[in-house]
Amino acid sequence: MGRVRLATWNVNSVKARLPRLLDWLETTGPDVLCLQETKVGADGFPTEEVAALGYAVAAHGEGRWNGVALLSRVGLDDVVRGFEGDPGWGGEPTGEEGLFESPRIEARAVSATCGGVRVWSVYVPNGRTPESAHYTYKLRWLDVLRSHMVDELTRTDQLVVCGDFNVAPTDADVFDPAAFAGATHVTAPEREALAALLAAGLRDVVPAPMKGPNPFTYWDYRAGMFHQDKGMRIDLFYASPAIAAAVKTATIDREARKGKGPSDHAPIVVDIDV
DNA sequence: ATGTCATCCAGCGGATGA
């Protein structure tokens, strides 16, 4: 019994962010951290550096793009990299929306059991534009993820799926809905994919901003967007009802978006009583 | 909003992706 601290952070390269990541681990002390956009292959993850702080690592990477990982100091069991039915990306279109001949499976999901909680770290495809094949890939990927959440919930009531979903759930989750006309991240099908995850039995644990009214987790590097708080809530922390009910605090650590060499995303930190 | 950043390959800059 006690407090468990779970967190998720799109670091936009674990190598480029390593000094900041190590600092943040020391000061914040999450028990479990989900990482996205690590951008390193299997042998490139700084395993020893985080092990020195007491964390076991389950990394799933492919090199230049994507890449996810789980760090835990409360156990790391039954690690699964990727998931059955991942549609993959690339190759020749088959004619069926979002499906390709000989696609390459990308490193976008890793799951493990940490201190009794089943935890998934996910990096949902961006979608690029609503007309793009990448967009149909995104929707298909989210639907297969949903089917796995249904399965997971039959096995456990202690489930967390968090990460960069690349979808803003509502218009209140972007700085200006008009600025996103015709863009991905805000379309009805993407939001319906999130709604389907909730309908499968998950809860959206909405974190509190440290400052201001907006629960944004991402701000573009360009044009002073962060300083104007022109951001988006696209990093999400979804949890089973039992976990959601045990949440004591959920916060967006916007301090981690400040200063020299930040990621363009801020971490979400969630404390639960177990 | 297109004003930045990270990465790769082939090299010191352009292409790609976000």
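Cut-offs and rules
Residues numbered from 1 in each chain as written. Chains lettered and ligands numbered in written order. Predicted model: local features only at pLDDT ≥ 70, side-chain atom pairs only at ≥ 80, totals over all residues. Heavy atoms only, no water. Helix = DSSP H or I, 4+ residues; strand = E, 2+ residues; numbered from the N terminus. Rg over C-alpha atoms; globule rule 2.2 N^0.38 Å. Buried < 20%, exposed > 50% of the residue type's maximum accessible area, 1.4 Å probe, protein only. Contact = heavy atoms within 4.5 Å. Areas by Shrake-Rupley, 256 points an atom, 1.4 Å probe, with all protein chains shown as cover. Lys, Arg positive; Asp, Glu negative; His and termini not counted. Charge placed at Lys NZ, Arg CZ, Asp CG, Glu CD. Near = heavy atom within 4 Å. Polar contact = N/O pair within 3.5 Å; in protein donor to acceptor, adjacent residues only side chain to side chain. Nonpolar A, V, L, I, M, F, W, Y, C, P; charged D, E, K, R; others polar. Axes fitted to C-alpha atoms, helices over the stretch in contact; angles between N-to-C directions. Parallel < 35°, antiparallel > 145°, perpendicular 65-115°, else oblique. pLDDT = per-residue confidence, 0-100. Pairing = 2+ DSSP bridges. Core = buried A, V, L, I, M, F, W, Y, C linked by side-chain atoms within 4.5 Å. Right-handed = clockwise from strand over helix to strand, strands pointing away.

## Thoughts on the overall build of chain A
- Secondary structure assignment for chain A yields five helices and 15 strands.
- A compact globule built from 274 residues would reach a C-alpha radius of gyration of about 19 Å, and chain A, at 17 Å, matches this within 12%.
- A principal-axis box enclosing the C-alpha atoms of chain A has dimensions of 50 × 40 × 35 Å.
- Within chain A, the fraction of its 274 residues that count as buried is 55%.
- A separation threshold of at least 6 residues defines the contact pool for chain A, and within that pool the share at least 24 residues apart is 71%.
- Of the roughly 11500 Å² of accessible surface on chain A, a fraction of 51% belongs to carbon and sulfur atoms.
- In chain A, the 28 positive side-chain charges and the 37 negative ones have mean positions that sit 6 Å from each other.

## Regarding the protein's contact with DNA strand B
- Ser-13, Arg-64, Arg-128, Asp-220 and Arg-222 are the nearest of the 17 residues found near DNA strand B.
- In DNA strand B, atoms within 4 Å of the protein come from the sugar-phosphate backbone in 58% of cases.
- A distance of 2.8 Å separates a base nitrogen of DNA strand B from a polar atom in the side chain of Asp-220.
- At 2.7 Å, a side-chain N or O of Arg-222 approaches a base oxygen of DNA strand B.
- Residue composition of the surface near DNA strand B, by class: five nonpolar, four polar and eight charged.

## Some words on the packing of helix α3 (residues 133-155) against helix α4 (residues 188-199)
- Close contact between α3 and α4 brings their axes to 9 Å; oriented N to C, the two are set at 5°. With respect to each other, α3 and α4 are oriented roughly parallel. Taking contact as the criterion, the partners of Tyr-135, Lys-138, Leu-139, Leu-142, Arg-146 and Met-149 in α3 are, on α4, Pro-189, Glu-190, Ala-193, Ala-196 and Leu-197.
- Split into classes, the residues belonging to the contact of α3 with α4 amount to eight nonpolar, no polar and three charged.

## A word on the confidence of the model for chain A
- Per-residue pLDDT for chain A has a mean of 96; in total, 99% of the residues score no lower than 70.
- Per-element confidence in chain A ranges from a low mean pLDDT of 72 for strand β6 (residues 92-93) to a high of 99 for strand β13 (residues 235-239).

## Quick look at the pairing of strand β2 (residues 32-36)
- Extensive coverage of β2 is indicated by the burial of five of its five residues.
- The two faces of β2 match: Val-32, Cys-34 and Gln-36 on one face and Leu-33 and Leu-35 on the other face are all buried.
- Relative to β2, strand β1 (residues 3-10) runs parallel, the two sharing five bridges. Directly across from Leu-6, in β2, lies its bridge partner Val-32.
- Judged from the five bridges that link them, β2 and strand β4 (residues 68-72) form a sheet pairing that is antiparallel. Paired with Leu-33 across the bridge in β4 is Leu-71.

## Brief notes about the nonpolar core
- Leu-6, Leu-70, Val-119, Val-160, Phe-237 and Ile-272 are the most contacted members of the largest nonpolar core, which totals 30 residues.
- Not counting residues within four places of it along the chain, the set of residues in contact with Ile-272 comprises Gly-2, Arg-3, Val-4, Leu-6, Ile-243, Ala-246, Val-247 and Lys-248.
- Ranked by size, the runner-up nonpolar core spans 23 residues in total, among them Trp-89, Val-161, Phe-165 and Leu-194.

## Quick look at the pairing of strand β9 (residues 117-123)
- Judged by how many residues are buried, β9 sits mostly within the fold: seven of seven residues are covered.
- Alternating residues of β9 divide into Val-117, Val-119, Ser-121 and Tyr-123 and Arg-118, Trp-120 and Val-122, and every residue in both groups is buried.
- As paired elements, strand β8 (residues 109-114) and β9 share six bridges and run antiparallel to each other. In the strand pairing of β9, Ser-111 is matched with Trp-120.
- Pairing of β9 with strand β10 (residues 159-164) involves six bridges; the strand directions are parallel. Paired with Val-119 across the bridge in β10 is Val-160.
- With respect to chirality, the unit in which β9 leads through α3 into the neighbouring parallel β10 is right-handed.

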